[in-house]
Amino acid sequence: MIDCLAPGHNVASCVVRELVERSKRGPVELPHFSREVALGLRGFKVDVGLVERYLKELQAAMRALCPHVYRIDLELQTPLVVHVRNPYMPLEIGIAWHPYFNAPYIPATSIKGALRAGAGGALCGRAPAELFGEVGAAGEAAVTDAFPTTPDVLSADVITPHYKEPDFRETKASPTPLVFPVARPGATFAFLIGLEFPCDFAEVHRYVGDALREGLGAKTRVGYGIIKLK
């Protein structure tokens, strides 16, 4: 077991340091290492007090640039994986990990991309291209990263690939269970949206909920990352 995954240690630094040290002693089987990390993180606690203070200060700072700032709280209905090739969490299947807040998070780019892809129409008179931008033009909506607002946010999940590309012959099947960290169902996250124009919060809330109905992060087509707004 990886000792430095205990409370008080920076998880991203711990994982990288442990991987480097093991590599010095010989080849590392990444699936086995990833399993150790995923199982070791199941009891990890997020400092939600720090997150809440940051969100409050960020909201105040954003109002100097965007006069209308709204907080969006969401709850996971299914496991969430995002940035599976995240450089701060070098695992077989990783998870987006914030190196400063020492917590899993949902990057603003993932949220804004999902909003843009799922937008079904205008928000308070602004079309999706005006809200989220297009090539050569910035949008009128600013979106922040989403941080966990519940301390118990992590769990472990498993998939078992049978084939390795490009050879999909049955005789070459080699089932390999891959255990990886996920944000668990029931965990809550919060992010901010700043707008340059006035819009009722209920309208913003409905719009975001409709746009994100297909989910957030990776593997949404197989049921991951389904959320509901609070």
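Definitions and limits used
- Residues numbered from 1 in each chain as written.
- Predicted model: local features only at pLDDT ≥ 70, side-chain atom pairs only at ≥ 80, totals over all residues.
- Heavy atoms only, no water.
- Helix = DSSP H or I, 4+ residues; strand = E, 2+ residues; numbered from the N terminus.
- Expected span 1.5 Å × (residues − 1).
- Buried < 20%, exposed > 50% of the residue type's maximum accessible area, 1.4 Å probe, protein only.
- Arc of directions from axis to C-beta.
- Contact = heavy atoms within 4.5 Å.
- Polar contact = N/O pair within 3.5 Å; in protein donor to acceptor, adjacent residues only side chain to side chain.
- Phe/Tyr/Trp six-rings, centres within 6.5 Å; stacked < 30°, edge-to-face > 60°.

### Points about helix α1 (residues 11-25)
Inference 1: Look at α1: 21 Å from first C-alpha to last across 15 residues, which is about the 21 Å you get at 1.5 Å a residue.
Inference 2: Of the residues making up α1, those classed as buried are Val-11, Ala-12, Cys-14, Val-15, Leu-19 and Arg-22. Buried residues in α1, looked at end-on, bunch into an arc of 165°, giving them a common side.
Inference 3: Where α1 is buried, its residues meet α2 (30-40) and β2 (97-98).
Inference 4: Backbone nitrogen of Ala-12 and a side-chain oxygen of the N-cap are separated by 3.2 Å at the start of α1; the cap is Asn-10.
Inference 5: Positive phi shows up at Gly-26, right after α1, with a value of about 150°.

### A closer look at the packing of aromatic side chains
Inference 1: Under the criterion given, the structure shown has six aromatic pairs.
Inference 2: Between Tyr-70 and Phe-201 the ring centres are 6.3 Å apart and the planes differ by 25°, which places this aromatic pair in the stacked class. With Tyr-70 in strand β1 (residues 68-76) and Phe-201 in helix α6 (residues 201-211), the pair connects residues that are 131 residues apart, well separated along the chain.
Inference 3: Summarising the aromatic geometry, the rings of Phe-101 and Phe-147 are spaced 4.8 Å apart at their centres and angled 55° between planes, so their arrangement reads as tilted. Of this pair, Phe-101 sits in the loop between β2 and β3 (103-104) while Phe-147 sits in strand β5 (residues 147-148), and the two are 46 residues apart along the sequence. Residue Phe-101 shares its accessibility class with Phe-147, and that shared class is buried.
Inference 4: Members of the aromatic cluster, each reached through a chain of ring pairs, are Tyr-54, Phe-101, Tyr-105 and Phe-147.

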